[in-house]
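The lines below spell out each chain.
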Amino acid sequence: MAPKILRFQSEEATAIALANYIADLSAKSIAAHGSFSVVLSGGTLFDTTRKLLEPPYIKSIDWSKWLIFFLDERVVPLDHPDSNYKLAYDGFLSKVPIPKSNIYPIKENLSPEEAAEEYEQRLKHLVANNTLKTSPTTGFAKFDLMLVGMGPDGHVASLFCWHFQRFEKQKWVTFITDSPKPPPPRITFTFPLINSASEIALVVVGEEKADAVKVALGEHASYGYPLPVQKVSPEGNLTWFLDNGATSRL
C-alpha cells in the first residue's frame with residue numbers, strides 16, 4: 001500500500017494533525033478489540049505529541065486501554081537521562097492516566113543481548129495470551145500504532161545504515177553495542193516486527209532532517225543504497241507527518 005504523505009506549513013500544524021490521527025486510531029482500536037497498543041520512539045517525538053496532553057484529547061481519550069511499548073531503548077537504568085523510558089515518562093506518560101501495568105519498559109541490569117531476548121520473550125507471551133494481536137502474514141506481534149521518528153542520517157529505531165541488524169529477518173528484538181550515537185548499547189525492534197504493524201506514523205520535523213527526507217521521498221528515492229527509513233513498509237498503513245522544515249528540500 002502506498003504511503004500517505006502529509007505536509008504541513010509548521011511544526012504546530014503537524015502536532016495538531018498528529019493528535020487528531022492518534023485520537024481517532026485510539027477510539028477505533030478500542031471499539032474494535034478493547035485496547036490500543038502503541039509503540040513509542042525517542043528523540044523529539046514527545047514534543048510533537050504534546051497536543052494529546054491538551055483539551056479535548058486529554059479528557060476524551062480512554063487512556064486506561066492504552067498499552068505502551070518501546071521501539072528501541074538505550075541499555076541504561078530507567079531513571080538515566082539517556083533512557084527512552086525516562087524521556088517518555090517525563091514528557092508524556094507521567095501526564096496521562098495510563099495504568100503502570102500497561103507500560104512495558106525494558107528490564108534493567110541485563111546485558112544488551114539479554115535485554116533484547118527478555119523483551120522479545122515478553123512480547124511473545126503477550127501474543128500468546130491475546131494481549132497483543134498477531135500478524136497473519138508474519139506471525140509477529142501486530143501493534144495498533146507505531147510512532148516512529150527519523151534521525152538526520154535516515155535511521156529509525158536503532159537500525160543504522162551500516163549496521164547488519166537492519167537485515168535481521170528472524171528476531172523480533174535485537175541489540176547493538178556500537179551505536180554511532182551515544183550511548184552505544186541499545187536494543188531495537190527489527191524491521192519484520194516494525195512492518196507487521198497495523199499503522200505506522202513517521203513523524204519527521206525540522207530542517208536538519210530535510211536531506212534524509214529528500215533521499216527517502218524525492219524523485220531519486222529508488223536510486224542507490226536505501227536508508228533505513230526507506231525499509232519502513234508496514235502491512236497496514238504508513239503515514240508521514242512532515243513539517244515545512246523537513247520538506248524544505250523536496
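Scoring rules and cut-offs
- Residues numbered from 1 in each chain as written.
- Predicted model: local features only at pLDDT ≥ 70, side-chain atom pairs only at ≥ 80, totals over all residues.
- Heavy atoms only, no water.
- Helix = DSSP H or I, 4+ residues; strand = E, 2+ residues; numbered from the N terminus.
- Rg over C-alpha atoms; globule rule 2.2 N^0.38 Å.
- Buried < 20%, exposed > 50% of the residue type's maximum accessible area, 1.4 Å probe, protein only.
- Contact = heavy atoms within 4.5 Å.
- Areas by Shrake-Rupley, 256 points an atom, 1.4 Å probe, with all protein chains shown as cover.
- Lys, Arg positive; Asp, Glu negative; His and termini not counted.
- Charge placed at Lys NZ, Arg CZ, Asp CG, Glu CD.
- Salt bridge = Lys/Arg side-chain N within 4 Å of Asp/Glu carboxyl O.
- Pairing = 2+ DSSP bridges.
- Expected span 1.5 Å × (residues − 1).
- 1 Å grid on protein atoms, 1.4 Å probe; cavity = no way out; pocket = protein on both sides within 12 Å on 5 of 7 lines; lining within 4 Å.
- Points joined across faces, edges and corners; volume = space filled by probe spheres on them.
- Nonpolar A, V, L, I, M, F, W, Y, C, P; charged D, E, K, R; others polar.

Tallying secondary structure elements over the chain gives 7 helices and 11 strands in all. In terms of overall dimensions, the chain is globule-like: its C-alpha atoms have a radius of gyration of 17 Å, near the 18 Å expected for 250 residues. Projected onto its principal axes, the C-alpha coordinates of the chain cover approximately 45 × 45 × 40 Å. Burial analysis of the chain (250 residues in total) assigns 55% to the buried set. In the chain, of all internal contacts separated by at least 6 residues, the share reaching a separation of at least 24 is 76%. Counting every atom, the chain has about 11200 Å² of accessible surface; 54% of that belongs to carbon and sulfur. One finds the centroid of the 25 positive side-chain charges in the chain at a distance of 3 Å from the centroid of its 28 negative side-chain charges.

We now examine the pattern of salt bridges. The tally for this structure, following the rule as stated, stands at 12 salt bridges. Put simply, Lys65 and Asp62 hold a salt bridge, and the shortest N to O gap is 3.4 Å. Linking Asp211 and Arg249 is a salt bridge whose minimum nitrogen-to-oxygen distance equals 2.2 Å. With Asp211 in helix α7 (residues 210-217) and Arg249 in the segment after β11 (237-242), this pair connects stretches of sequence that are 38 residues apart. Given the relative accessible area of 43%, Asp211 is considered partly exposed.

In strand β7 (residues 145-148), alternate side chains face the same way, and those of Leu145 and Leu147 on one face and Met146 and Val148 on the other are all buried. Direction of pairing for strand β2 (residues 36-40) relative to β7: parallel, over a ladder of 2 bridges. From the neighbouring strand, Val38 faces β7, where its bridge partner is Leu145. Relative to strand β10 (residues 199-204), β7 is paired through 3 bridges, and the arrangement is parallel. What sits directly across from Met146, in β10, is Ile200.

Structurally, His155 is set in the loop between β7 and β8 (173-176). On the basis of relative accessible area, His155 is assigned to the buried category, the value being 6%. In contact with His155, other than residues within four places in its own chain, are Gly149, Met150, Phe160, Lys181 and Pro228.

This part covers helix α1 (residues 11-33). The α-helix winds at 3.6 residues per turn, so residues separated by three or four positions along the chain end up facing the same way. Here α1 spans 32 Å end to end across 23 residues, near enough to the 33 Å set by a 1.5 Å rise per residue. Thr14, Ala15, Ala17, Leu18, Ala19, Tyr21, Ile22, Ala23, Leu25, Ser26, Ser29 and Ile30 are the residues of α1 that are buried.

Taken as a whole, the largest pocket encloses approximately 340 Å³ of empty space. As for the largest pocket, its lining consists of 22 residues, of which Gly42, Gly43, Thr44, Met150 and Lys181 are closest to the centre. Elements represented by at least two residues in the lining of the largest pocket include exactly α2 (45-48) and β4 (72-74). Tallied by class, residues from the lining of the largest pocket come to 7 nonpolar, 9 polar and 6 charged. Its boundaries defined by the atoms lining it, the second largest pocket holds a volume of some 160 Å³. If you trace the second largest pocket, you find it lined by Met1, Pro3, Leu202, Ala216, Leu217, Val229, Gln230, Val232, Ser233, Pro234, Leu238 and Trp240. When residues of the lining of the second largest pocket are traced back to their parent elements, those giving at least two are α7 and β11.

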